[in-house]
Amino acid sequence: MCCKKSLFACPVCGNALMINGKSYKCIDNHSFDAAKSGYVNLLTSDRMNAKNPGDNKLMVKSRSDFLDKGYYVHLLEKLCDSVYEVISENDVILDAGCGEGYYTSGIYNYLREKGMTVRSAGIDISKYAADKAAKRCHDIEYAVGSIFHIPVSDSSCDILLNVFAPFCCEEFVRVINDVGYMIMVIPGKKHLWELKSIVYEKPYENNPKSEYIEGFKFLKKYNVQKEIALESNEDILNLFAMTPYFYNTRTEDREKLSELNYLKTNTEFEILIYRKGDV
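Notes on the structure in this doc start here. (Residues numbered from 1 in each chain as written. Predicted model: local features only at pLDDT ≥ 70, side-chain atom pairs only at ≥ 80, totals over all residues. Heavy atoms only, no water.)

1. Let's talk about the nonpolar core
Tyr72, Val83, Tyr103, Leu111, Ile159 and Ile183 are the most contacted members of the largest nonpolar core, which has 53 residues in total. Excluding its chain neighbours within four sequence positions, the residues that come into contact with leucine 111 are Val83, Tyr84, Ile87, Ile93, Met116 and Val118. Of all hydrophobic cores here, the second largest spans 34 residues; its members include Ala34, Leu42, Leu94 and Cys157. (Core = buried A, V, L, I, M, F, W, Y, C linked by side-chain atoms within 4.5 Å. Buried < 20%, exposed > 50% of the residue type's maximum accessible area, 1.4 Å probe, protein only. Contact = heavy atoms within 4.5 Å.)

Structure, rendered in C-alpha cells:
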C-alpha cells in the first residue's frame, strides 16, 4: 500500500507523519495506530491532565444529537460562507477544537459541493469527540490532540477554525502560514438569553472580548442571530449541557429545566475573521 503524507506531525519529534494503512509513522520511527473509526491519538501522556481529558462520551452524544437536529444550521451556513470568502484551491483547513466534527464536516462538504479541492483536519482533546468526528467524514483527518500543543508543522495551515473552543494565540500563530486566516466563533451578548433566564434569578449578558489579537489583523465580523424552538425536554437538556454554564450551575438551578418540554430562545453568535500579521 502506498504511503501518503499526513497533515499531522509527530507529537514526539515534530517530523512529518506518513500514513500507511492504519499506521502513522515519522522518519524517526515513532508510530501511532489509527482507531477503527479512523482518528489517530497524538496526545502523549505528558500532555494529558486526566486519564480521559475533554468531553466524555455522554457529553459528546448530547451535543451531537442536538446539532444533528439542525438547531444551529444557520450558524453552519454563515460559517461556510465565511470560509468560502477567504479560501483558495488546495488550501489546508485545521479545526482546532473540532468537537464531534459537525462544523468541520459541514464546511468540508460545502466546499466540495462548490467544486473546491481542499484538505481538512481536526483536533480535539477528547477521544470520544474525535471518534464521533471521524465517523462523520472519512475524507477528513482527525486526531486527539491539545490546542496548546497542536500536532501539526509550523506554517502548515491556510485557515484555522476555532469554534467555541479554547484559544492559544502562540500555537495558532505558529501553525498558520504567513498569508493564512483564522476564523473564530464566539457567543454573542444575548446568546441563549431565555434559557439563562429560566435557570438564573439574575441572568447576565456575555461580554465578548476585544477584537484585537496579537499577531493577527482583524478583517471583519458577522453577527448571526435566530430564535429557535426546542420541542422536547431532551433537546433542552442537551443544549444546556453544551454550554459552559452547565458546569458552573448549582444542581437546584439545573433542575429548573427538568420538567420543561418546550422553549423558545434566542441564539446569537459572532464570527470573527482575521488574517495573520500585524495590525
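2. What about the packing of aromatic side chains?
The final tally for this structure, using the stated rule, is 10 aromatic pairs. When the centroid spacing of 6.0 Å and the interplanar angle of 90° are considered together, the rings of tyrosine 84 and tyrosine 110 count as edge-to-face. Here tyrosine 110 lies in helix H3 (residues 102–113) and tyrosine 84 lies in helix H2 (residues 73–86), a separation of 26 residues in the sequence. Here tyrosine 110 falls in the buried class, since its relative accessible area comes to 18%. A network of ring pairs unites the aromatic residues Phe66, Tyr71, Tyr72, Phe164 and Phe269 as a single cluster. When the ring centre of tyrosine 222 is taken as reference, the NZ or CZ atom of lysine 78 above it lies at 4.0 Å. A cation over an aromatic ring shows up here: lysine 190 above the ring of tryptophan 193, its NZ or CZ 4.0 Å from the ring centre. (Phe/Tyr/Trp six-rings, centres within 6.5 Å; stacked < 30°, edge-to-face > 60°. Helix = DSSP H or I, 4+ residues; strand = E, 2+ residues; numbered from the N terminus. Lys NZ or Arg CZ within 6 Å of the ring centre and 35° of its normal.)

3. Thoughts on unusual backbone geometry
Phi angles above zero are rare outside glycine, and asparagine 29 is one such case at about 70°. Note on placement: asparagine 29 falls in the loop between strand S3 (23–25) and strand S4 (31–33).

4. Let's talk about the sheet that holds S3
Strand order in this open sheet of four strands is S1-S2-S3-S4, and the pairing throughout is antiparallel. Among the strands making up the open sheet, the edge pair consists of strand S1 (4–9) and S4. Within this sheet the neighbouring strands show an average axis-to-axis angle of 30°, counted without direction. Note: S3 against S4, three bridges, orientation antiparallel. Of the residues in S4, the one forming a bridge with lysine 25 is serine 31. (Pairing = 2+ DSSP bridges. Axes fitted to C-alpha atoms, helices over the stretch in contact; angles between N-to-C directions.)

5. Things to note about the layout of surface pockets
The space that makes up the largest pocket amounts to roughly 1,400 Å³. If you trace the largest pocket, you find 46 residues lining it, with Val163, Phe164, Ala165, Pro166 and Pro244 closest to the centre. When residues of the lining of the largest pocket are traced back to their parent elements, those giving at least two are helix H1 (57–67), strand S9 (157–163), strand S10 (176–187), helix H7 (233–242) and strand S12 (263–276). Per element, the largest residue contribution to the lining of the largest pocket is four residues, and it comes from S10. Of the residues belonging to the lining of the largest pocket, the class tally is 28 nonpolar, 11 polar and seven charged. Computed from the structure, the second largest pocket encloses a volume of approximately 420 Å³. What lines the second largest pocket is a set of 25 residues, among which Lys4, Ile19, Tyr24, His138 and Glu141 lie closest to the centre. At the level of elements, S1, strand S2 (16–20), strand S7 (119–124) and strand S8 (141–144) are the ones that each hand at least two residues to the lining of the second largest pocket. Across the lining of the second largest pocket, the residue classes tally to 13 nonpolar, six polar and six charged. (1 Å grid on protein atoms, 1.4 Å probe; cavity = no way out; pocket = protein on both sides within 12 Å on 5 of 7 lines; lining within 4 Å. Points joined across faces, edges and corners; volume = space filled by probe spheres on them. Nonpolar A, V, L, I, M, F, W, Y, C, P; charged D, E, K, R; others polar.)

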